[in-house]
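# Observations on chain architecture
Each chain, written out:
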2 protein chains.
Amino acid sequence: MYIGIDVGGTNLKAGLVDETGKIVKAERIPLNFQGPEQFAKTLAELSRKVYQDGVQWVGVGLPGAVDGGNVLFITNIAMENVPLEQMFRRHLDLPLLLGNDADCAAVGEFFGGAGRGTHDFAVITLGTGVGAGIIVDGKLRGGMSSSEAGHIVIRRDGEPCNCGRKGCWERYASATGLIQQTKRAMERHPESLLHQVSAVGGVEGRTAFQAAEAGDETAIAVCRQYVDYLASGMVNLINVLRPEIVAIGGGVSAAPEHLLLEPLREAVAKEAFSRHGGRVTRILPAELGNDAGIIGAAMLGRVM
Amino acid sequence: MYIGIDVGGTNLKAGLVDETGKIVKAERIPLNFQGPEQFAKTLAELSRKVYQDGVQWVGVGLPGAVDGGNVLFITNIAMENVPLEQMFRRHLDLPLLLGNDADCAAVGEFFGGAGRGTHDFAVITLGTGVGAGIIVDGKLRGGMSSSEAGHIVIRRDGEPCNCGRKGCWERYASATGLIQQTKRAMERHPESLLHQVSAVGGVEGRTAFQAAEAGDETAIAVCRQYVDYLASGMVNLINVLRPEIVAIGGGVSAAPEHLLLEPLREAVAKEAFSRHGGRVTRILPAELGNDAGIIGAAMLGRVM
């Protein structure tokens, strides 16, 4: 048995996970961050709530960069170069394994979702950014070698990215990118249904897909362009690594299949090198939703 | 002991290679291709010339795509879907291991050159195209999962590539791309020294570097632009895989360090995600030159 903890922006979610990757017990508490020492203590307390005899380690998925038992930095939580495992062990004497959230999503799907039965697998998470988790020959590219495939440039001298490059895939294929593309289309097209669809909740990642479903031409064009951006980086990744399956997760992946996955598959099939020989990569939706983070964190020790 | 055979456009070069990756005996014959059956027989005959007791397998590096003991296709040699190992074994009863030439270059450098002592390593070969050989956790991404990193798009809607995409890295960062860039600069700059430098042998990959060494402004600009293209794809590859070392091989890699490797390292350091944390990838020249193919083919069985 393993414990997995998914650290989000507002909550910590913990699960007791069995050898097959199933969550058998779960707990959730607010993050309420008050410094690294208190955070380590909270992780230990939360672990105790789901603990049972035979637990081998606690895995933690974080939105940031890690190296062994150390946190290099976390996005939106004030931790930098923190020896988290060392702090944690003062409260609970179990190994603490750390992974970034995109990597944990990949590990979760690898054991319990879209990547079951593969050796070479990737998950691309379409959220605030574009996260990538990559498993090669059954081992996670984690820690210091964790993939940053969201920072492949797909448009030379394109949109500036926080990473310092211009034109990163993440600027175009994330929910953030899609929202920006939707807003720009709305400025050019005051007649578009996008204005009605977004009137109440504002423009979201799903806005363009909702208006496209209703037949709005502007929205259909936004979705097409978005899929084209998504495919561009996807083919780059596939040509480099030739995985068996790439799964698509994150909020945007909930879009209707005929507007997202189907045209994405067509675009990738048209461009990927595999049509000249070599492995054909399948593109599937991620299956585990929010549970992927807990399961992946718990299973970290199985792919290291 | 292993036998490695490097299949080039005009010659077959074979070597008897020891456990440390050293060539202890070598032979070379013209390719003289007369069909797959005769080719398999030639490979067996050439193997016998360097054979000694204790040889475990024959590895063959080919400019094409392979799957197990089968050749899917070879560039410039008329073979498609050929069960080469099966044909070979009628003449010599040893396992025949196949690899593409970029992969063999990576394996050679991994054991005996720039990649010694690493676990995660890549070789980028700058020749007619941009070849990529990738080793992850000590295992080659070979056969059906062999990398085609030369077909990362670095310029959206850029130069058409044979692969069907537009703007592939290979169109810009290969010797072929550099020659094209040099010729275009010469058209725009009749005063450039490039015309004198290329007067005898025509424009080659090294032409721009030679004229730049002599202080020609146009040539210096060509070299800078070329390094920029090279860095663009290199950072993409590094952000995806975060290897310990990337070695640069192929004809272009012989360019003066201050015109190629030094500015390349600067550009990569400026753009790679590693400056936010994670592993910093080193960029080195490949060390083995033409021997990499023989050594890499011989060592294929050690990285599968």
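Predicted, not measured: the structure shown is a model, and the values here were computed from it.

Procedures and definitions
Residues numbered from 1 in each chain as written. Chains lettered and ligands numbered in written order. Predicted model: local features only at pLDDT ≥ 70, side-chain atom pairs only at ≥ 80, totals over all residues. Heavy atoms only, no water. Helix = DSSP H or I, 4+ residues; strand = E, 2+ residues; numbered from the N terminus. Rg over C-alpha atoms; globule rule 2.2 N^0.38 Å. Areas by Shrake-Rupley, 256 points an atom, 1.4 Å probe, with all protein chains shown as cover. Lys, Arg positive; Asp, Glu negative; His and termini not counted. Charge placed at Lys NZ, Arg CZ, Asp CG, Glu CD. Expected span 1.5 Å × (residues − 1). Buried < 20%, exposed > 50% of the residue type's maximum accessible area, 1.4 Å probe, protein only. Least-squares fit on C-alpha atoms with pLDDT ≥ 70 in both. Contact = heavy atoms within 4.5 Å. Salt bridge = Lys/Arg side-chain N within 4 Å of Asp/Glu carboxyl O. Pairing = 2+ DSSP bridges. Axes fitted to C-alpha atoms, helices over the stretch in contact; angles between N-to-C directions. Buried area = accessible area lost by both parts, 1.4 Å probe. Polar contact = N/O pair within 3.5 Å; in protein donor to acceptor, adjacent residues only side chain to side chain. Nonpolar A, V, L, I, M, F, W, Y, C, P; charged D, E, K, R; others polar. Phe/Tyr/Trp six-rings, centres within 6.5 Å; stacked < 30°, edge-to-face > 60°. Core = buried A, V, L, I, M, F, W, Y, C linked by side-chain atoms within 4.5 Å.

### Looking at the overall build of chain A
Looking only at helices and strands, chain A features 10 helices and 13 strands. In summary, chain A has a C-alpha radius of gyration of 20 Å against a globular reference of 19 Å for 304 residues, a match within 12%. Dimensions along the principal axes, computed over C-alpha positions, put chain A at roughly 60 × 50 × 35 Å. Accessible surface for chain A amounts to roughly 12100 Å². Of this, 48% is attributable to carbon and sulfur atoms. A distance of 2 Å separates the average location of the 29 positive side-chain charges in chain A from that of its 34 negative side-chain charges.

### A look at helix H8 (residues 217-241) of chain B
Because the α-helix completes a turn every 3.6 residues, residues three or four places apart line up on one side. Between its first and last C-alpha atoms H8(B) spans 36 Å; for 25 residues at 1.5 Å apiece the expected length is 36 Å, and the two agree. Along H8(B), 19 of the 25 residues are buried, which leaves the element largely enclosed by surrounding structure.

### Points about the relation of the copies chain A and chain B
Overlaying chain A with chain B gives an RMSD of 0.0 Å, the required rotation being 180° about an axis along which the chain moves by 0.0 Å. Here the symmetry operator amounts to a two-fold rotation axis. Interface residue correspondence from chain A to chain B reaches 100%, placing this contact among same-surface, isologous pairings.

### Overview of the pattern of salt bridges
Residues and elements named next belong to chain B. Counted under the stated rule, the structure contains 24 salt bridges over all chains. Ionic pairing is found between Arg-90 and Glu-37, a salt bridge with its closest N-O pair at 3.1 Å. Here Arg-90, found in the loop between helix H2 (84-89) and strand E8 (96-100), pairs with Glu-37, found in helix H1 (residues 36-50); they are 53 residues apart in sequence, far enough to count as distant. Of the charged contacts, one joins Glu-287 and Arg-116 as a salt bridge, the two residues approaching to 3.3 Å between their closest N and O atoms. Within this pair, whereas Glu-287 is found in the loop between strand E13 (282-285) and helix H10 (291-298), its partner Arg-116 is found in the loop between helix H3 (101-112) and strand E9 (121-126), the two being separated by 171 residues in sequence. Glu-287 gets classed as partly exposed once you look at its relative accessible area, which sits at 47%.

### Some remarks on the sheet that holds strand E4 (residues 58-62) of chain A
Residues and elements named next belong to chain A. The five strands lie next to each other as E3-E2-E1-E4-E8, forming an open sheet whose pairing is mixed. Where the open sheet ends on each side, the last strands, each with one partner, are strand E3 (23-30) and strand E8 (96-100). Strand-to-strand twist of the sheet, defined as the mean angle between neighbouring strand axes without regard to direction, takes the value 20°. Contacting strand E1 (2-7), strand E2 (11-17), E3 and E4, helix H1 (residues 36-50) crosses the sheet at an angle of about 145° to E3.

### Focus on the interface of chain A and chain B
Contacts between chain A and chain B engage 42 residues on the former and 42 residues on the latter. Across the chain A to chain B interface the summed buried area is about 3600 Å²; carbon plus sulfur atoms make up 50%. Joining chain A to chain B, the criterion identifies six salt bridges. The interface formed by chain A and chain B includes 24 residue pairs in polar contact (both at pLDDT 80 or more). Breaking the side of chain A that touches chain B down by element, the ones donating at least two residues are strand E6 (70-74), strand E10 (130-136) and helix H8 (217-241) of chain A. Per-element accounting of the side of chain A that touches chain B gives the leading share, 10 residues, to H8(A). Residues belonging to the side of chain A that touches chain B are distributed by class as follows: 16 nonpolar, 13 polar and 13 charged.

### Here we look at the pairing of strand E4 (residues 58-62) of chain B
Put simply, side chains in a regular strand alternate between the two faces of the sheet. Residue and element names in this part refer to chain B. Within E4, five of the five residues are buried, leaving the element largely enclosed by the surrounding structure. Neither face of E4 is exposed, since Val-58, Val-60 and Leu-62 on one face and Gly-59 and Gly-61 on the opposite face are all buried. Looking at chain direction, strand E1 (residues 2-7) and E4 are connected through four bridges and run parallel. Residue pairing for E4: Asp-6 is matched across the bridge by Gly-61. The pairing of E4 with E8 spans five bridges and is parallel. When the sheet's bridge partners are listed, Gly-59 is paired in E8 with Leu-97.

### Observations concerning the packing of aromatic side chains
Residues and elements named next belong to chain A. Evaluated as defined, the whole model comprises 12 aromatic pairs over all chains. Look at Tyr-2 and Trp-57: their rings are 4.5 Å apart centre to centre, the planes differ by 15°, and that puts the pair in the stacked class. Taken together, the residues Tyr-2 in strand E1 and Trp-57 in the loop between H1 and E4 connect sequence positions 55 residues apart. Of the two residues, Tyr-2 and Trp-57, both sit in the buried class. Within the aromatic cluster, the residues linked to one another by ring pairs are Phe-110, Phe-111 and Phe-121.

### As for the environment of Val50(A)
Residues and elements named next belong to chain A. Relative to the assigned elements, Val-50 resides in helix H1. Residue classification places Val-50 among the buried positions, given a relative accessible area of 0%. For the pair Val-50 and Leu-264, spaced 214 residues apart in sequence, the C-alpha separation works out to 40 Å. Look past the residues within four positions of Val-50 in its chain and what remains in contact with it is Ile-3, Ala-14, Gly-15, Leu-16, Lys-25, Ala-26 and Glu-27.

### As for the nonpolar core
Among the nonpolar cores identified, the biggest contains 96 residues, and Ile124(A), Met234(A), Leu264(A), Ile124(B), Met234(B) and Leu264(B) are the most heavily contacted of them. Those residues in contact with Ile124(A) that lie beyond four places of it in its chain are Val130(A), Gly131(A), Ala132(A), Trp169(A), Met234(A), Leu237(A), Val246(A), Ala247(A), Ile248(A) and Gly249(A).

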